[in-house]
Amino acid sequence: MPPKAPTAAIHLGVARSAPGRLAIGALTLQDSLIEHPVGKHKAAYTDKHLVTKIAKIEFDPLGTFCHFCLDGCDAGGYQLCVKCGTVVCHQLRPDGAGCICHDSVSKDWEFLCPLCARKVDGKESSLPYRVTIYGTRTKVKKAWPACIIHVTLDSMQDHYLKHLINIDLVAQYKQSSANLTTATLAMKAGAHTSQSRWLETPSNFITASVLQNVPSNTIVVMDTHSDEYTGMLRHTSGSAGGINTTLAEIIEAYLGKPFLRAMKMAASHARDDKSVETTIKGGTPWCDTTPKARGGRRGLIIVTCRPAMQVDCHFQSLLTLVKDDIFDFIIGFGGASTLPVNVGPMIQSFVRKATLFGIPDVWDSLCELLASDGSILERNTVMIIYGSYIEGKRIVDSREIGKHCPPYRAFGHEFSACATEGCCPAVSDNRLSTNNGKVRIICAKCQWTSAWVAVDKDNKYFFHVNPTIAPMLFWHHFPPSSGLNNFFVDATQAVDQKDCKAQQGQECNAEPSTHHPMKRRRLSSSFEGIGSDGGEGLPMACD
């Protein structure tokens with residue numbers, strides 16, 4: 001019977017759940033894909049409950065930024081390609097800032113960007129103007145309206161994560177400060193109702209952005225403590241103890257229904273946007289900056305001193321938030337070092353990418369970010385729950401990204417498996433050995449050694465994030481199944497069976513012998529039949 005929650009939980013006014021279990025094996029999904037028809041959401045968050053009483057908010061222009069160097073362009077300080085819509089900054093004075101040299105572009109010439117001007121009728125040609133530098137185009141910067149909400153434990157002495165994110169965004173939105181709003185909610189006993197009132201201004205901000213056809217992106221960052229053994233979260237202040245409340249219950253209680261409705265309205269507006277951009281000559285621009293591609297994203301980032309997303313009750317509650325279309329994606333962390341000082345730089349980069357550069361596909365954006373800088377994966381893993389629309393259905397998936405780090409983690413996962421009957425090793429008992437692009441595990445308790453498995457290619461459970469840029473980063477479906485944890489056991493069994501068949505073939509071709517083949521040791525019943533566990537690891541339909 002679960003222990004009774006402290007009295008402070010009653011004052012909070014939210015439902016309580018049983019303490020979480022830290023056993024990852026208890027986390028299982030029936031299907032890797034969870035499908036929901038479009039428009040099937042909870043009635044509490046439908047678009048008919050619109051925020052009608054809003055203050056008039058005048059947004060600043062989204063700004064004009066060079067598509068090559070990403071620097072801001074002053075009025076008259078840039079050229080627009082008539083073919084692909086690329087914006088290129090040019091110098092307003094000799095030796096000034098700009099990708100195109102001063103007075104090198106003829107005023108009566110239809111401007112073509114360096115990439116379009118180099119190829120005319122399929123042939124390479126020299127540029128008709130002088131440039132200082134240019135490269136490939138990967139993203140377009142816009143000062144798109146952004147709303148950042150911090151839900152932080154009131155008793156925390158510092159607010160490192162909040163300051164890290166806010167200071168960076170204030171600097172990025174310096175020329176368009178009206179397009180950014182932030183708010184901080186302090187978690188303490190019985191304060192969820194009073195704290196949610198601080199979201200009236202952010203709610204008006206989001207609604208006003210929808211009315212001006214630039215639906216705001218909203219990122220909620222939750223920073224608190226969690227118990228090391230039970231996974232219970234601290235959200236009632238104090239110096240010790242935890243409350244049996246799930247992450248989803250805390251988030252919904254503090255954000256409140258008006259704010260959640262405003263977020264839903266922005267997401268629906270962006271999702272239903274039909275606007276089409278064209279170039280000066282009527283072509284299709286190389287990038288998409290319409291509201292459907294750039295706005296209306298709703299994200300939740302969970303930061304706790306212990307990896308709360310690996311607790312069953314918390315994970316299931318967060319999965320429901322995405323399934324019910326309350327959030328588009330939720331990001332959390334696992335591993336041994338999930339303090340804000342360790343995960344903060346990655347969160348800062350992701351929030352900047354989501355607000356200024358857009359994330360049409362959150363999974364691709366996260367993979368691109370971690371492939372370019374995977375330092376956070378040296379000690380941690382990154383987990384994401386996200387939803388996307390495929391052929392009119394909402395597809396929800398949950399994945400975990402890790403780094404192959406011998407001698408502790410293979411394919412980014414900490415294994416605790418052994419083929420010896422009766423041996424139940426802990427994660428710390430499995431050691432890795434590598435050789436020529438292959439890896440195997442060795443049980444420190446019984447010295448069982450697995451077969452060699454190739455690391456340079458995908459397998460049934462683990463897939464490369466980017467085999468070219470980041471060959472050591474892998475992802476797998478989360479929660480991991482028992483078959484994934486016994487991956488090396490199955491690989492060893494497959495090799496033994498193959499060797500046994502080869503040996504039997506040789507005996508058939510040889511002269512009859514009176515010697516009988518040695519009996520193979522029977523594995524524990526817990527490992528039998530693991531290889532056929534539902535086909536986990538198949539590519540997702542949304543990829």
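As a reminder, the structure under discussion sits directly above these lines.
On a predicted model such as this, the values are computed, not experimentally measured, just so you know.

Conventions adopted
- Residues numbered from 1 in each chain as written.
- Predicted model: local features only at pLDDT ≥ 70, side-chain atom pairs only at ≥ 80, totals over all residues.
- Heavy atoms only, no water.
- Helix = DSSP H or I, 4+ residues; strand = E, 2+ residues; numbered from the N terminus.
- Contact = heavy atoms within 4.5 Å.
- Axes fitted to C-alpha atoms, helices over the stretch in contact; angles between N-to-C directions.
- Parallel < 35°, antiparallel > 145°, perpendicular 65-115°, else oblique.
- Left-handed = near helix turned anticlockwise from the far one by under 90°.
- Nonpolar A, V, L, I, M, F, W, Y, C, P; charged D, E, K, R; others polar.
- Salt bridge = Lys/Arg side-chain N within 4 Å of Asp/Glu carboxyl O.
- Buried < 20%, exposed > 50% of the residue type's maximum accessible area, 1.4 Å probe, protein only.
- Pairing = 2+ DSSP bridges.

Caption draft 1: Inspection of the overall build of the protein chain at higher detail. Secondary structure assignment for the protein chain yields twelve helices and 17 strands. Partitioning the contacts of the protein chain with sequence separation of at least 6, the portion at a separation of at least 24 is 70%.

Caption draft 2: The arrangement of the packing of helix α9 (residues 340-357) against helix α10 (residues 362-372) in detail. Close contact between α9 and α10 brings their axes to 11 Å; oriented N to C, the two are set at 135°. In this view, α9 runs oblique relative to α10, as classed from their interaxial angle. The chirality of how α9 crosses α10 is right-handed. In this structure, α9 uses M346, S349, F350 and K353 to contact α10, whose residues at the interface are V362, S365, L366, E368, L369 and L370. The class makeup of the residues in the contact of α9 with α10 is six nonpolar, two polar and two charged.

Caption draft 3: Expanded view of the pattern of salt bridges. Tallied over the full model, the rule gives eleven salt bridges. The residue E110 makes a salt bridge to K281 at a minimum N-O spacing of 3.3 Å. One end of the pair, E110, is in the loop between β3 (87-89) and α2 (114-117); the other, K281, is in the loop between α6 (247-271) and α7 (291-294), and 171 residues separate them in sequence. A relative accessible area of 57% places K281 in the exposed class. Linking D325 and R394 is a salt bridge whose minimum nitrogen-to-oxygen distance equals 3.5 Å. One end of the pair, D325, is in the loop between α8 (312-323) and β10 (329-335); the other, R394, is in strand β12 (residues 393-403), with 69 residues separating them in the sequence. One network of salt bridges, in which partners are shared, links R271, R298, D325, D328 and R394.

Caption draft 4: Representation of the sheet that holds strand β15 (residues 453-454) in the model. Here we have three strands laid out as an open sheet, ordered β13-β14-β15, and antiparallel in their pairing. Two strands lie at the open edges of the sheet, namely β13 (430-435) and β15, each paired on one side alone. As judged from the two bridges shared by strand β14 (residues 438-443) and β15, these two strands associate in the antiparallel manner. Across the sheet, the residue bridging to V439 is V453, located in β15.

On their own, these measurements won't tell you what the molecule is for.
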